[in-house]
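Fold and geometry: a report
Below are the chains, spelled out letter by letter.
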Amino acid sequence: MITLYGIPNCNTVKKARQWLADNGIDYIFHDFKKQGIDAERLQAWAAQVPLAKLVNRQGTTWRALPDETKAAADSLDGAVSLMQDKPSVIKRPVLEWDGKVGVGFTEADWAERFGK
């Protein structure tokens with residue numbers, strides 16, 4: 001089963017959801033702002049995706065953080081704690097499929113990933 005993690009009002013998440021629908025790919029959507037995200041899942045993602053890619057350091061949520069919080073996000077424990085507290089700092093979307101994890105969306109990447 002494919003699970004897409006994100007927030008519904010994010011434009012990139014909207015594009016990813018539309019791409020999945022257009023290509024007839026069934027998936028489960030997990031709104032991590034409303035449903036939360038557990039530390040074990042975040043740690044599993046970080047085992048496959050570098051923290052530098054998983055933590056969105058470009059967004060307004062990140063820019064509003066105090067410097068000490070930003071510095072703490074350089075460690076796995078600090079990043080997991082931050083992502084649980086402020087899920088908006090998670091790069092979107094996060095996709096889980098076949099035991100793999102991918103972050104972000106581009107049509108070409110997803111077409112290759114799913115053979116479309």
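Our structure's up above, just so we're on the same page.
Since the model is a prediction, treat every value here as computed from it, not as a measurement. (Residues numbered from 1 in each chain as written. Predicted model: local features only at pLDDT ≥ 70, side-chain atom pairs only at ≥ 80, totals over all residues. Heavy atoms only, no water.)

Points about the pattern of salt bridges
This is how the line gets drawn: In the sections that follow, a salt bridge refers to a side-chain nitrogen of Lys or Arg positioned within 4 Å of a carboxyl oxygen of Asp or Glu. Runs of E in the DSSP output that reach at least two residues are strands. Runs of H or I that reach at least four are helices, and both are numbered from the N terminus. Per-residue accessibility, obtained with a 1.4 Å probe over protein chains only, is compared with the maximum for each type, and a residue is labelled buried under 20%, exposed over 50%, and partly exposed between these values.
Inspection of the entire model under this criterion finds 3 salt bridges. Taking the shortest distance from any N to any O, the salt bridge between Asp 74 and Arg 57 comes out at 3.5 Å. Of this pair, Asp 74 sits in the loop between α5 (67-72) and α6 (76-85) while Arg 57 sits in the loop between α3 (51-54) and α4 (60-63), and the two are 17 residues apart along the sequence. A residue is classified by how much of its surface remains accessible, and Asp 74, at 58% relative accessible area, is exposed. In this structure, the salt-bridge partner of Asp 109 is Arg 113, at a minimum N-O distance of 2.8 Å. Here Asp 109 and its partner Arg 113 are both found in helix α7 (residues 107-114), 4 residues apart, which amounts to about one turn of the helix. Relative accessible area serves as the criterion here: at 32%, Asp 109 is assigned to the partly exposed category. The exposure class of Arg 113 is partly exposed, given its relative accessible area of 24%.

Honestly, that's just the spatial picture; any functional story needs more than this.
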